[in-house]
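The primary structure of each chain is shown beneath.
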Amino acid sequence: MLDFPRWKIASIIGILLIGILLSVPSLMPESTAKQLGLGFAPKINLGLDLAGGSHILLEADTADVAKTRLANMQDTIRTAMRKATPGPIAIGDISTANNAISFFVRDSQKLDAAVDLARTLTQPVGTSGTRDWNVTVVDSTRIVMTQTQGGIDQFIDQAMTGAVDIVRKRIDALGTKEPTIARQGSDRILVEVPGVQDPTELKALIGKTAKLEFKLVDTQADPAKIAAGQAPIGDQLLPYQGRPVALFRQAILTGSDLKTARQDYDENNQPAVAIGFNSKGARAFAETTQANVGKPFAIILDNQVLSTPVIQSPILGGSAIINGSFTAQSAQALAISLQSGSLPIALKTVEERTVGPGLGADSIHAGIIASTIAVIAVVLFMFITYGRFGVYANLAVIINVFVILGLMALLNATLTLPGIAGFVLTIGTAVDANVLINERIREERRRGRGVIQSVELGYKEASRTIYEANMTHAITGLIMLILGSGPVKGFAVVLLFGIITSVFTSVTFTRMLVALWLRRQRPQAINI
Amino acid sequence: MRLLKIVPDNTNIGFVKLRGWAFGLTALLTIAAGVLVGVRGLNFGVDFVGGLSIEARFPGDAPLDDIRTRIDALGVGDAQLQQFGPKNTVSIRLPLPNSTDPAATNALVGKVQAALAPDHVILPFDQVDTVSGKVSGELIWKGVLAVFAAVFCIALFGIVRFEWQFGVATFVSIFHDVLMTLGFFALTRLEFDLNIVAAVLTIIGYSINDKIVIDDRIRENLRKYRQMPLGELIDLSVNETLPRTVMTSLTILLALLSLLLFGGHVLRGFTAAMMLGVVVGTYSSIYVSSSLLITLGLDKSRFRQMTDATDKKKAARARAERIAPKP
């Protein structure tokens with residue numbers, strides 16, 4: 001017991017000192033830390049409930065995916081059959097009902113060629129040999145293509161990877177501080193932005209698909225048919241200012257042909273978005289505008305017609321201005337969305353939590369007061385119960401508080417409001433080990449053992465119990481960390497750190513203090 | 001200086017003798033809690049039922065009736081108002097708008113804002129939470145899973161490290177602790193949200209901690225006093241660890257009390273749950289889990305064999321040291 005070699009003392013003090021030093025940068029204001037040249041030092045992150053800010057969970061609209069893929073495949077099939085070699089394959093009665101593409105081949109001689117061609121349009125999924133579409137023949141001339149679940153899953157996976165990138169670009173463009181953008185599970189993205197009080201703008205920005213298309217307006221279409229909702233072949237109808245307009249399906253340009261987008265003003269000094277095309281886009285736009293002077297085209301964003309300007313003269317410069325009824329802010333948001341590219345998948349908000357900065361500051365304040373009072377109360381209580389041994393336990397508890405903070409800073413962990421609660425609870429439980437030890441020492445003294453032997457037995461017997469009891473406590477902590485979400489996780493982090501550090505400080509550190517005291521004083525009796 | 005002793009030395013309280021009464025009372029309370037949860041239900045927060053929750057602050061006392069009238073006039077569904085902690089703070093809960101348009105929620109928040117504006121509600125709102133039904137379902141499921149996994153793992157730990165009777169006794173008393181806590185929430189109608197799940201898990205952790213200490217002492221005494229009847233031995237173990245049990249519970253309650261009084265209103269339900277859990281957990285450690293060992297028929301002979309085996313090993317080591325003494 002008394003045998004505490006110098007290296008052991010040095011390493012225990014060393015470890016605790018490092019822990020305390022690591023906590024220092026987190027305890028001072030950022031400006032002070034920078035002045036002292038500690039700006040680089042690891043700091044504890046404050047959770048959104050303490051810092052204030054917005055937490056948004058976005059979910060991919062997976063029901064939409066199947067529909068989009070269906071529509072895309074329908075277009076692909078049409079084009080492929082027309083361009084088939086050696087000659088076009090005439091098809092008819094194409095439909096996308098019942099989540100399947102179905103069409104019949106007019107010339108039954110060409111059925112096999114059509115099936116082969118349809119098969120080449122499908123992609124393999126994974127390594128199992130399945131493909132993203134099943135191609136089957138029914139009624140001897142009809143080809144039916146159905147989507148496989150594997151194909152949909154693969155598409156979602158790829159789309160989500162792209163979507164995370166685009167969401168990150170859009171939020172970075174806002175210039176907010178330290179946002180977190182992370183994929184969660186197969187179809188979700190978590191966005192956390194500290195300091196944002198009004199998530200409306202943020203949501204509008206990240207949720208916008210921003211699919212931009214330029215299409216020519218079909219001026220030949222029969223107005224009566226358009227009004228009746230019937231689109232001429234090769235056309236689509238989209239509403240514009242309350243009335244449908246007929247547009248050619250083939251887009252002149254899409255968002256992927258853009259090089260730049262920024263907020264600007266149009267000739268009437270109204271907010272607008274100035275866009276620049278890449279060379280392919282510029283060429284296509286120049287050719288189309290040259291051939292269609294005097295005709296209107298439509299600027300379409302997310303299947304909504306923004307405007308239908310008439311081509312006054314060929315546009316050769318590779319740039320254009322999009323106007324609609326924008327405010328400076330919405331034009332800015334659109335520019336950011338266009339610049340970052342369109343989302344490959346529609347996202348909707350499924351969870352949103354916003355904490356005002358006032359509440360966060362109040363919570364930190366209350367947390368600090370509660371922690372301080374808890375420490376004082378526990379320290380006093382321990383002192384009047386165990387005297388000198390209580391003082392040692394108290395030293396351990398106070399050092400423990402700093403070491404937990406230091407450890408959290410080192411691992412860049414996040415402190416949340418429930419985390420503060422975990423903190424206060426740790427203060428209460430941290431003395432448990434010392435209570436166990438001290439009660440055991442009392443017991444051994446009552447049995448008439450000598451001072452040193454009582455202390456030695458007290459530590460030895462209690463340590464086993466302490467390890468066993470903390471093991472189970474750690475199990476619950478781990479489960480919270482693995483299965484928990486949000487507040488449960490924040491609480492578990494602090495609890496786990498608290499268990500680890502408190503065992504070290506309350507067993508090893510106090511033992512050292514007691515041993516040093518016993519060695520120096522050699523007391524005949526102890527007051528415990 | 002005379003030191004404080006909360007529990008006098010060498011107590012000899014006959015806990016085991018009282019176990020019939022204790023079991024009866026415990027069963028009664030547990031059933032009552034179960035019925036209460038079943039009949040009254042829990043006041044689930046938006047985390048678990050989905051919806052919109054706004055926490056608003058007013059310059060003075062919040063005019064509850066007036067707020068209710070104004071929100072009802074909006075015709076956006078049944079609003080639930082709740083006041084907790086400071087009188088100027090109100091939590092307003094509304095169902096989510098029945099629309100797929102993401103802007104609809106924002107519009108709803110805006111409407112509430114406009115309706116309350118004449119009262120000079122302090123803007124921005126302190127907290128706005130929106131949870132869709134799908135996410136809330138998952139959160140419930142995850143919370144339930146976490147609690148069950150914790151109870152299961154700990155029972156397993158008890159069985160592996162001790163005897164199966166310890167595992168089962170611990171399991172039963174933890175179940176009791178959880179049910180009592182839920183009963184408390186059903187009774188008080190305090191909001192039950194994700195934070196409370198964290199509190200319940202902590203209660204489990206703490207309660208286990210308590211039981212392991214007593215179990216450990218029982219195991220130790222089983223080896224020490226081989227002839228002592230089990231009931232007497234359990235009484236002795238509980239009495240021996242009683243000062244520690246009381247002392248630790250008191251320090252934790254002290255810490256939690258400071259959190260309850262000074263920690264801000266957001267954590268009030270959380271802290272209340274934990275304080276109750278500490279009391280219930282301590283009770284069940286003393287009365288339920290250890291006494292249950294007798295009912296379950298803990299077999300003392302296995303411990304005798306185990307100690308015999310370790311004694312033999314020790315003796316062999318001592319013999320070996322006698323032949324070749326350590327330098």
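Keep in mind the model is a prediction, meaning the values are calculated, not measured.

Outline empty space enclosed by the protein, supporting the account with residue identities and numerical values.
Considering all chains together, one arrives at 6 cavities of 30 Å³ or more under this definition. As a volume, the largest cavity reaches approximately 140 Å³. Along its surface, the largest cavity is lined by 17 residues, and Thr-429, Ala-430, Asn-470 and Ser-502 of chain A together with Asn-209 of chain B are the ones closest to its centre. In terms of residue class, the lining of the largest cavity is built from 8 nonpolar, 8 polar and 1 charged. A volume near 100 Å³ is recorded for the second largest cavity.

Quick rundown of the UniProt feature "transmembrane region" (unreviewed entry) in chain B? Include the residues and the values.
All names here are of chain B. Per the UniProt entry, the sites bearing "transmembrane region" (unreviewed entry) are residues 21-42, 139-159, 166-188, 194-214, 246-267 and 273-296 in this numbering. Helix makes up 91% of residues 21-42 and strand makes up 0%, while its end C-alpha atoms are separated by 29 Å. With 100% helix and 0% strand, residues 139-159 has its two end C-alpha atoms placed 30 Å apart.

Let's hear about helix α10 (residues 328-340) of chain A: which residues, and what values?
Residues separated by three or four positions in an α-helix point in the same direction, a consequence of the helix having 3.6 residues per turn. All names here are of chain A. Compared with an ideal rise of 1.5 Å per residue, which puts 13 residues at 18 Å, α10 spans 18 Å between its outermost C-alpha atoms and is within 8% of the ideal. The complete set of buried residues in α10 reads Ala-331, Ala-333, Leu-334, Ala-335, Ile-336, Ser-337, Leu-338 and Ser-340. Positioned one or two residues after α10, Gly-341 has a phi angle of 95°, which is positive.

Just give me the short version of the sheet that holds strand β16 (residues 319-322) of chain A, but keep the residues and values in it.
All names here are of chain A. As summarised here, the arrangement of the 3 strands in space is β12-β13-β16, forming an open sheet in which the pairing is antiparallel. The open sheet has two edge strands with one neighbour each: β12 (258-265) and β16. Geometrically, the sheet is characterised by an average inter-axis angle of 25° between neighbouring strands, direction not taken into account. When β12 meets strand β13 (residues 271-277), the two strands line up antiparallel, connected through 7 bridges. Of the residues in β13, the one forming a bridge with Gln-263 is Val-273. Lying on the sheet, α10 is in contact with β12, β13 and β16; it crosses β12 at an angle near 175°.

Give a description of the UniProt feature "domain: Protein export membrane protein SecD/SecF C-terminal" (unreviewed entry) in chain A that names residues and reports values.
Mapped onto this structure's residue numbering, the UniProt feature "domain: Protein export membrane protein SecD/SecF C-terminal" (unreviewed entry) falls at residues 348-518 of chain A. Counted over residues 348-518 of chain A, helix gives 87% and strand 6%. Its end C-alpha atoms are 67 Å apart.

I'd like a rundown of the packing of aromatic side chains, residues and numbers included.
Considering all chains together, one arrives at 17 aromatic pairs over all chains under this definition. Aromatic side chains Phe-389 of chain A and Trp-517 of chain A sit 6.1 Å apart centroid to centroid with 90° between the ring planes, which places their arrangement in the edge-to-face category. One end of the pair, Phe-389 of chain A, is in helix α12 (residues 388-410); the other, Trp-517 of chain A, is in helix α15 (residues 487-521), with 128 residues separating them in the sequence. Take Trp-517 of chain A: its relative accessible area is 8%, and that puts it in the buried class. Residues Phe-184 of chain B and Phe-185 of chain B carry aromatic rings whose centres are separated by 5.6 Å and whose planes lie at 90° to one another, so their mutual orientation is edge-to-face. Among the aromatic residues, ring-to-ring pairing joins Phe-44, Phe-48, Phe-184, Phe-185 and Phe-192 of chain B into one connected group. Against the face of Phe-4 of chain A rests Lys-8 of chain A, its NZ or CZ located 5.5 Å from the ring centre.

Criteria and cut-off values
Residues numbered from 1 in each chain as written. Chains lettered and ligands numbered in written order. Predicted model: local features only at pLDDT ≥ 70, side-chain atom pairs only at ≥ 80, totals over all residues. Heavy atoms only, no water. 1 Å grid on protein atoms, 1.4 Å probe; cavity = no way out; pocket = protein on both sides within 12 Å on 5 of 7 lines; lining within 4 Å. Points joined across faces, edges and corners; volume = space filled by probe spheres on them. Nonpolar A, V, L, I, M, F, W, Y, C, P; charged D, E, K, R; others polar. UniProt positions renumbered as here; feature names shortened; annotations may be inferred. Helix = DSSP H or I, 4+ residues; strand = E, 2+ residues; numbered from the N terminus. Expected span 1.5 Å × (residues − 1). Buried < 20%, exposed > 50% of the residue type's maximum accessible area, 1.4 Å probe, protein only. Pairing = 2+ DSSP bridges. Axes fitted to C-alpha atoms, helices over the stretch in contact; angles between N-to-C directions. Contact = heavy atoms within 4.5 Å. Phe/Tyr/Trp six-rings, centres within 6.5 Å; stacked < 30°, edge-to-face > 60°. Lys NZ or Arg CZ within 6 Å of the ring centre and 35° of its normal.

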